[in-house]
Amino acid sequence: MTASPILEVNDLQVEFATRRQSLVAVRDVSFALGAGKTLALVGESGSGKSVTSLAIMGLLPTAGRVTRGTIAFQRGSGETVDLATLSQPAMRHIRGAEIAMIFQEPMSSLNPLFTVGDQIGEMLMLHSNLSSVARRAKVLEMLDLVEIPAAASRMSAYPHELSGGMRQRVMIALALICRPLLLIADEPTTALDVTIQAQILELMRRLQRELGMSILFITHDLGVVAEIADEVAVMYAGEVVERAPTRPLYAHPRHPYTQGLIASIPRPGRAPGERLVPIHGTVPPPSAMPPGCAFAPRCPHAGPECEAPVALTEAAPGQLARCVKLRELAAHA
Amino acid sequence: MLDPLLSLQGLTKVFETPRGAVQAVRDVSFDIPRRAIVGLVGESGSGKTTLGRSVLRLTEPTSGQTFFDGVDLNQLDAAEMRAMRRRMQIIFQDPVASLNPRMRVGEVIAEGLRAHGVGNVRSRRDTVADLLTEVGLEPDHMARFPHEFSGGQRQRIGIARALALEPEFIVADESVSALDVSIQAQVLNLLLDIRDRRDLTMLFIAHDLSVVEYLCEQIVVMYLGRVVEVGPSREVYLHPAHPYTRALLSAIPHPDPERHTDRQILVGDIPSPLSPPSGCVFRTRCPHAIPACAEGFHAPTVVSPDHLSFCKRQKELA
């Protein structure tokens, strides 16, 4: 990663307390996001990608807590803070103003009882000293920026009166109204139809160019990742198993899980009758993690050496993977 | 197309609502050849789910004919339809969610057998064990409850349940949409195996064109209740004819960062089915629309044998 990262997560571990035991949901997660860049956190259900993003936002549910590691965030003032240990009041100044988040389901962040204009305006009320007239002007400008047609009349609309794509735009407006340095987008296009998804991705790319924010993009969709990310961290069962700039990751995936994920996607250009190669089995539950490599039980290359813990190691310049058989696999490739 | 198992002719479904008539499915006609998997693709509001349900008369069609093995299902009385139902089944997106959570997997799968009085308790148990094995689960899973299974395993349970009565035809509605991609590939391959082993005919409803291209021999593309394009799946995928199909394909994000395509981004949302546009239903978002497109829905243009596009300007745009 070039320049100084705006966000640097180091050795993050998140545990959830249950009645019987404490379960480790995320362990040894490290990555860095450069200013103005997009990092995709990609993984399937249970990979820990959403837990990681909630830990960064300080929004973990009460049963969850960060038990190890640091989340260094470079504030607009230039000061660097560790979000993992920041007090809730201090976090409230940053959340919404300097770090904002959008979700898969816009209705989870929009209040059905308030108009679009009031909700976006409220953010400015919390984080600025603008007059109500100035706030209204800013909200209108923001709605224009996210390409909501007839923005002035949509100010007084309620969320349910808008289509799914429009709600997503409103949520983006709400997230960006205070011009955050970092936007965390958790599956923001997953619930949308593909033609609407294309509109929203295009919008996010344009807003990033114009506003210069960094984006942490959380998704399960490797197609979306290829379109939007500069760098990728692939997560599996609570760990980052591979980290690389986007192009080399797709051209030469190093970890067997990344390879399996890419081979599972249907795409044209197969010979007639040629089958997809799925990954066998399912993700182990956090209560039954294998001792060494978490992917070993499903891995076609697994051997006895995979039962020992394994760290992220350099597989190629700039490309890291968590696999003891990296050299061996590269030799066969 | 020779001897289709299923032939839809002018199938239409209108829902009467307090706000007016919703034309969910309008004048849909296509054939499903025996042992073929036909993919029905469309976005939210296209009418694809309503069409799938109307074919099986789970939703009563308003008009049109559904010939199944030469018999018009829409003319059958309740008893005749009940007998016919054994030959056709449906699999839902989460096949287990709609069932009684206190039923064990064995009962879930055997329910149809019991309802149709097939076999006795012991023979049904054997059938369930065989079905579980066929779909890649273990026979002793029959004693467990559905909630103990992952999404992919539930989909396998739904497939086993659908196969219990040895149907000839299955409607699969968004069967892999909620699954992780590595699990999705497992289930798609299972569906292909089962089709080959049992000579099944399938209508596979999905919003993901890449999945449909992989699984299906033919694609039917719907938009706002209408079929806009029908054809062999690879041909439709590689050479889409209708402007909507082109836009849909160009919107799919490809897992290849090196690929640079001129993306065509559709403007706006799908119109309300309460007041669909006159003429071509796609014209309000179509980059090629001309005033003539507002007049009358038109006969399909033959692009190549078996490949039809319902676009007035097909010849000019080709």
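Fair warning: this is a prediction, and the values are worked out from it, not measured in the lab.

A.B. asks: How do you make sense of the overall build of chain B when you look at a structure like this?
C.D. replies: Counting its secondary structure elements, chain B contains 10 helices and 12 strands. Taking 318 residues into account, the globule formula puts the C-alpha radius of gyration at 20 Å, and chain B, at 20 Å, falls close to it. Its C-alpha atoms give chain B principal-axis dimensions of roughly 65 × 55 × 40 Å. Looking at chain B residue by residue over its 318 residues, the buried ones come to 47%. Look at the contacts in chain B between residues 6 or more apart in sequence, and 65% of them connect residues 24 or more apart.

A.B. asks: In this structure, what is going on with the overall build of chain A? I would like to understand it.
C.D. replies: Looking only at helices and strands, chain A features 11 helices and 12 strands. Against the compact-globule benchmark of 20 Å for 333 residues, chain A has a radius of gyration of 21 Å, which places it among compact chains. Seen along its three principal axes, the alpha-carbon backbone of chain A occupies a region of about 70 × 50 × 40 Å. Taken across its 333 residues, chain A has 47% of its residues classed as buried. Counting contacts in chain A only where the partners sit at least 6 residues apart, residues at least 24 apart contribute 64% of the total.

A.B. asks: How should I be thinking about the sheet that holds strand S1 (residues 5-17) of chain A in this particular structure?
C.D. replies: Sheet strands pair via backbone hydrogen bonds, and the direction of the pair is either parallel or antiparallel. Residue and element names in this part refer to chain A. On the basis of which strands lie adjacent, the open sheet formed by four strands has the order S2-S1-S4-S5 and antiparallel pairing. Looking at the sheet topology across the chains shown, the edges are occupied by strand S2 (22-34) and strand S5 (80-82). Each neighbouring strand pair of the sheet contributes to a mean axis angle of 5°, computed without reference to strand direction. Sheet analysis places S1 next to strand S4 (residues 64-74), joined by eight bridges and oriented antiparallel. By the bridge assignment, leucine 7 is partnered in S4 with phenylalanine 73.

A.B. asks: Please explain the pairing of strand S7 (residues 182-186) of chain A as it appears in this structure.
C.D. replies: Regular strands place side chains that alternate from one sheet face to the opposite one. Residues and elements named next belong to chain A. Within S7, five of the five residues are buried, which leaves the element mostly enclosed by the surrounding structure. Direction of pairing for strand S6 (residues 99-102) relative to S7: parallel, over a ladder of four bridges. If you follow isoleucine 102 over to S7, its bridge partner there is alanine 185. Judged from the five bridges that link them, S7 and strand S8 (residues 214-219) form a sheet pairing that is parallel. Bridge pairing in S8 places alanine 185 opposite phenylalanine 217. In terms of handedness, the path from S7 via helix H7 (residues 194-211) over to S8 forms a crossover that is right-handed.

A.B. asks: Got a minute to help me understand the interface of chain B and chain A in this structure?
C.D. replies: Frequently, the measure chosen for interface size is the accessible area removed from exposure when the parts meet. Across the boundary between the two partners, chain B contributes 33 residues, which contact 34 residues of chain A. Among the secondary structure elements, those contributing two or more residues to the side of chain B that touches chain A are helix H6 (181-198), helix H7 (209-215), helix H8 (233-238) and helix H9 (243-251) of chain B. Of all the elements, H6 of chain B adds the most residues to the side of chain B that touches chain A, at seven residues. For the side of chain B that touches chain A, the per-class residue count stands at 16 nonpolar, 10 polar and seven charged.

A.B. asks: Just to check I follow, could you spell out the nonpolar core for this structure?
C.D. replies: Nonpolar side chains in soluble globular proteins tend to end up buried together. The biggest cluster of nonpolar side chains holds 192 residues, and the ones touching the most others in it are Ala173 and Leu216 of chain A together with Phe204 of chain B. With residues up to four places along the chain from it excluded, the contact list for phenylalanine 204 of chain B reads Ile37, Val38, Gly39, Leu40, Ala172, Val212, Leu215 and Cys216 of chain B.

A.B. asks: I tried to follow the environment of glutamate 107 of chain B on my own but got confused; where do I start?
C.D. replies: Tracing the backbone through its elements, the reader meets glutamate 107 of chain B in helix H3 (residues 105-115). On a C-alpha basis, the gap between glutamate 107 of chain B and methionine 142 of chain B in space is 7.7 Å, while along the polypeptide they are 35 residues apart.

A.B. asks: What should I look at first to understand the sheet that holds strand S7 (residues 169-173) of chain B in this one?
C.D. replies: Residues and elements named next belong to chain B. The strand order S6-S7-S8-S3-S9-S10-S12-S11 describes an open sheet built from eight strands, whose pairing is mixed. Because the sheet does not close on itself, it has two edges, and the strands there are strand S6 (88-91) and strand S11 (301-304). Recorded for the sheet is a direction-independent mean angle of 20° between the axes of neighbouring strands. Looking at chain direction, S7 and strand S8 (residues 201-206) are connected through five bridges and run parallel.

A.B. asks: Sorry, what's going on with the environment of alanine 151 of chain A here?
C.D. replies: Topologically, alanine 151 of chain A is positioned in helix H5 (residues 151-154). When residues no more than four places from it in sequence are discounted, the contact partners of alanine 151 of chain A are Leu140, Leu143 and Asp144 of chain A.

A.B. asks: Sorry if this is basic, but what is going on with the confidence of the model for chain B here?
C.D. replies: Should the pLDDT be low somewhere, the predicted coordinates at that spot are not to be read in detail. Here chain B shows a mean pLDDT of 92. Residues at 70 or above account for 98%. Model confidence for the complex is summarised by a pTM of 0.91, with the ipTM given as 0.88.

A.B. asks: What's the story with H6 of chain B in this structure? I'm lost.
C.D. replies: Given a rise of 1.5 Å per residue, 18 residues ought to cover 26 Å, and the 26 Å separating the end C-alpha atoms of H6 of chain B matches this to within 8%. Burial in H6 of chain B covers these residues: Val181, Ser182, Ile183, Gln184, Ala185, Gln186, Val187, Leu188 and Leu191 of chain B. Summarising the contacts, the buried residues of H6 of chain B are in contact with helix H10 (256-263) of chain A together with helix H5 (151-163) and H7 of chain B.

A.B. asks: In this structure, what is going on with the packing of helix H6 (residues 164-176) of chain A against H7 of chain A? I would like to understand it.
C.D. replies: Two numbers describe a pair of packed helices, the interaxial angle and the distance between the axes. Residues and elements named next belong to chain A. It is the contact of H6 with H7, at a shortest axis distance of 10 Å, that shows an interaxial angle of 20°. One way to sum up the angle between H6 and H7 is to call them roughly parallel. Of the two possible hands of crossing, H6 and H7 adopt the one that is right-handed. Note on element contacts: H7 touches H6 through Ile196, Gln199, Ile200, Leu203, Leu207 and Leu211, opposite Gly164, Gly165, Gln168, Ile172 and Leu176.

Rules and cut-offs
- Every chain is numbered independently, its residues counted from 1 as its sequence is written.
- Chain letters start at A and ligand numbers start at 1, both assigned in the order the entries are written.
- Local features in this predicted model are restricted to residues whose pLDDT is 70 or higher, and side-chain atom pairs enter the listing and the counts only when it is 80 or higher, whereas totals over whole chains, interfaces and linings include all residues.
- Strands here are runs of E lasting at least two residues and helices are runs of H or I lasting at least four, both read from the DSSP assignment and numbered beginning at the N terminus.
- Just to be clear, the radius of gyration here is over C-alpha atoms, and the globule rule we use is 2.2 Å times residues to the power 0.38.
- Around each residue's C-beta, the other C-beta atoms within 10 Å are counted; 20 or more make the residue buried, 12 or fewer make it exposed, and counts in between make it partly exposed. All C-beta atoms are placed from the backbone.
- Whether two residues are in contact is decided by their C-beta atoms, placed from the backbone, lying within 7 Å.
- Here, any two strands with at least 2 DSSP bridges between them count as paired.
- Every axis in this analysis is a line fitted to C-alpha atoms, fitted for helices over the stretch in contact. Angles between the N-to-C directions lie between 0 and 180 degrees.
- When the strands point away from the viewer, a crossover counts as right-handed if the path from the first strand over the helix to the second runs clockwise.
- Any residue outside Ala, Val, Leu, Ile, Met, Phe, Trp, Tyr, Cys, Pro, Asp, Glu, Lys and Arg is labelled polar, Gly included; the first ten of those are nonpolar and the last four are charged.
- Here a nonpolar core is just a set of buried residues of the types Ala, Val, Leu, Ile, Met, Phe, Trp, Tyr and Cys, joined wherever their C-beta atoms sit within 7 Å.
- The score called pLDDT rates the predictor's confidence residue by residue, from a low of 0 to a high of 100.
- For a helix, the expected span equals 1.5 Å multiplied by the residue count minus one.
- Put simply, angles under 35 degrees are roughly parallel, angles over 145 are roughly antiparallel, angles from 65 to 115 are roughly perpendicular, and the rest are oblique.
- Two helices crossing with the near one rotated counterclockwise from the far one by less than a right angle form a left-handed crossing, whereas a clockwise rotation gives a right-handed crossing.

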